[in-house]
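Here is how the chains run, residue by residue.
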Amino acid sequence: MVQFDPFADFRMDGQIAIVTGGAQNIGEAIARTFAGAGAGVMIADLNGDQAVATAATIAEQTGRAVKGIGCDVTVEADIQRCVDETVAVFGGISTLVNNVGWGRAVDDPLAVSAEEMIDSYRLNTISALRMTAACRPFLLQAQNASITNSGSMVGTLPAFDFLPYSAAKAAMNHMMLGLAHYFAGQVRINTVLIGTVLTAGYADAGLDAAAQEKLAHPNNLTGRAGSPQDVADAFLWLASRAGAWVSGQTIQVHGGGTRVRLKPQ
Ligand SMILES: NC(=O)c1ccc[n+]([C@@H]2O[C@H](COP(=O)([O-])OP(=O)(O)OC[C@H]3O[C@@H](n4cnc5c(N)ncnc54)[C@H](O)[C@@H]3O)[C@@H](O)[C@H]2O)c1
């Protein structure tokens, strides 16, 4: 008889998660992975119809309670409604995933207006602060409470072609590290620095087909772009009890970073 299950610590039974921006791509994979591991999940997304539809699909795939709600994470009233609804449906919140984020390519970083910088901070940084504030009373009552954020590789690397986005993601790393110290012993907080996961969003961000083709074959140690599941697996580790000794960290999940060639090939 098998007596040791190394996957037991990765189970999410009894956990209640909110995944922002969970209607598609990376957030959807996180929601599916958490539900598959046993969690109840609320998908909070600007696109309410897609959030509800994705939640229904994941509920069918996993046999777990998964709900969707329309929520703009830059709007305080929406955040509160999402939290209230999650608590009403599931009875609490143990796990917050701040996954919403977006940025556009800029030709001239010095042509970026103050308003565009502020909008980027509002979406990529401040939303995570306000979600955390609204969830605080419930996280403090929960077992294995955690917050995991979708950061970006460009939040630690110079990326003048994505200046508003990269600066806002860098700010989020620092802000959430501060909050990890504030919540010491109560709520674990980590941020995943995500590399290229090709989605339709890349075209929307202003990258042409040639640039997308280059991103699909990156010069990294694994030689490929990532899938939403590559990223979701890291979130499962960090949010489950398997990550119980990890807090205040930025974890790099981006194919291994740049491959440096020291000799001709
Ligand atoms: N895809 C990548 O290569 C990549 C790389 C690094 C970091 N990331 C980060 O990972 C996260 C997810 O990326 P993705 O590619 O899956 O994104 P995506 O654009 O495919 O999905 C984001 C979701 O967020 C929702 N959303 C947008 N604005 C919102 C708002 N104000 N309130 C609520 N929901 C909102 C959208 O409707 C969408 O469903 C983002 O934070 C992104 O910055 C992605």
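Note: the structure precedes this text.
Residues numbered from 1 in each chain as written. Predicted model: local features only at pLDDT ≥ 70, side-chain atom pairs only at ≥ 80, totals over all residues.

Remarks on the overall build of the protein
Scanning the protein from terminus to terminus reveals 8 helices and 7 strands. Here the C-alpha atoms of the protein give a radius of gyration of 18 Å, agreeing with the 18 Å that 2.2 N^0.38 yields for 265 residues. Projected onto its principal axes, the C-alpha coordinates of the protein cover approximately 50 × 50 × 35 Å. Out of the 265 residues belonging to the protein, those deemed buried represent 42%. Taking the contacts inside the protein whose residues are at least 6 apart along the sequence as the reference set, 74% of them involve residues at least 24 apart. (Helix = DSSP H or I, 4+ residues; strand = E, 2+ residues; numbered from the N terminus. Rg over C-alpha atoms; globule rule 2.2 N^0.38 Å. Buried ≥ 20, exposed ≤ 12 C-beta atoms within 10 Å, placed from the backbone. Contact = placed C-beta atoms within 7 Å.)

Some details on the sheet that holds strand 5 (residues 146–152)
Strands pair in a sheet through their backbones, by hydrogen bonds, and they do so in one of two ways: parallel or antiparallel. The sheet built from 7 strands is open, its strands ordered 3-2-1-4-5-6-7 with parallel pairing. Both edges of this open sheet fall to strand 3 (66–70) and strand 7 (249–253), since each of them pairs with a single strand only. If you compare each strand with its neighbour and ignore which way they point, the axes differ by 20 degrees on average. Both strand 4 (residues 95–98) and strand 5 contribute to a ladder of 4 bridges, which runs parallel. Bridge assignment links leucine 96 to a residue of strand 5, and that residue is isoleucine 147. Sheet contacts for helix 2 (residues 48–62): strand 2 (40–45) and strand 3; angle to strand 3, the most-contacted strand, approximately 175 degrees. Docked against the sheet, helix 4 (residues 114–139) engages strand 1 (16–20), strand 4 and strand 5, running at close to 175 degrees with respect to strand 4. (Pairing = 2+ DSSP bridges. Axes fitted to C-alpha atoms, helices over the stretch in contact; angles between N-to-C directions.)

A short note on the site of the ligand
Near the ligand there are 26 residues, and of these Gly21, Asn25, Ile26, Leu46 and Gly101 occur at the shortest range. Among the secondary structure elements, those contributing two or more residues to the shell around the ligand are helix 1 (25–36) and strand 5. Per-element accounting of the shell around the ligand gives the leading share, 3 residues, to helix 1. Its residues assigned to classes, the shell around the ligand comprises 10 nonpolar, 14 polar and 2 charged. (Near = placed C-beta within 6 Å. Nonpolar A, V, L, I, M, F, W, Y, C, P; charged D, E, K, R; others polar.)

Describing the environment of valine 187
Of note, valine 187 is situated in the loop between helix 5 (163–182) and strand 6 (188–194). Of the residues examined, valine 187 has 23 C-beta atoms within 10 Å and is grouped as buried. Taking the C-alpha atoms as reference points, valine 187 and arginine 81, separated by 106 residues in sequence, lie 22 Å from one another. Look past the residues within four positions of valine 187 in its chain and what remains in contact with it is Leu139, Ala145, Ser146 and Ile147.

Comments concerning unusual backbone geometry
Even without being glycine, asparagine 25 reaches a positive phi, approximately 50 degrees. Summarising the element assignment, asparagine 25 is placed in helix 1. Among the residues examined, asparagine 25 registers 18 C-beta atoms within 10 Å and is labelled partly exposed. Positioned with a positive phi, asparagine 144 is a non-glycine residue whose angle comes to about 50 degrees. Residue placement: asparagine 144 occurs in the loop between helix 4 and strand 5.

A short note on the nonpolar core
Among the nonpolar cores identified, the biggest contains 67 residues, and Ile18, Phe34, Val41, Ile43, Val231 and Phe235 are the most heavily contacted of them. Look past the residues within four positions of isoleucine 43 in its chain and what remains in contact with it is Val19, Gly22, Ala23, Ala31, Ala51, Thr54, Ala55, Val66 and Gly68. (Core = buried A, V, L, I, M, F, W, Y, C linked by C-beta atoms within 7 Å.)

Overview of the packing of helix 3 (residues 76–90) against helix 4
Here helix 3 crosses helix 4 at 30 degrees, and the two axes come no closer than 9 Å. Overall, the two elements helix 3 and helix 4 adopt an arrangement that is roughly parallel. Pair helix 3 / helix 4 crosses with right-handed handedness. Contacts between helix 3 and helix 4 involve Glu76, Ile79, Gln80, Val83 and Val87 from the first element and Arg130, Met131, Ala134, Cys135 and Phe138 from the second. For the contact of helix 3 with helix 4, the residue count by class is 7 nonpolar, 1 polar and 2 charged. (Parallel < 35°, antiparallel > 145°, perpendicular 65-115°, else oblique. Left-handed = near helix turned anticlockwise from the far one by under 90°.)

A closer look at helix 1
With 12 residues, helix 1 should reach 16 Å at 1.5 Å per residue; the first-to-last C-alpha distance of 16 Å fits that figure. Within helix 1, the full set of buried residues consists of Ile26, Gly27, Glu28, Ala29, Ile30, Ala31, Arg32, Thr33, Phe34 and Ala35. Just downstream of helix 1, glycine 38 is the residue with a positive phi angle, here 115 degrees. (Expected span 1.5 Å × (residues − 1).)

Nothing here speaks to function; it is all geometry.
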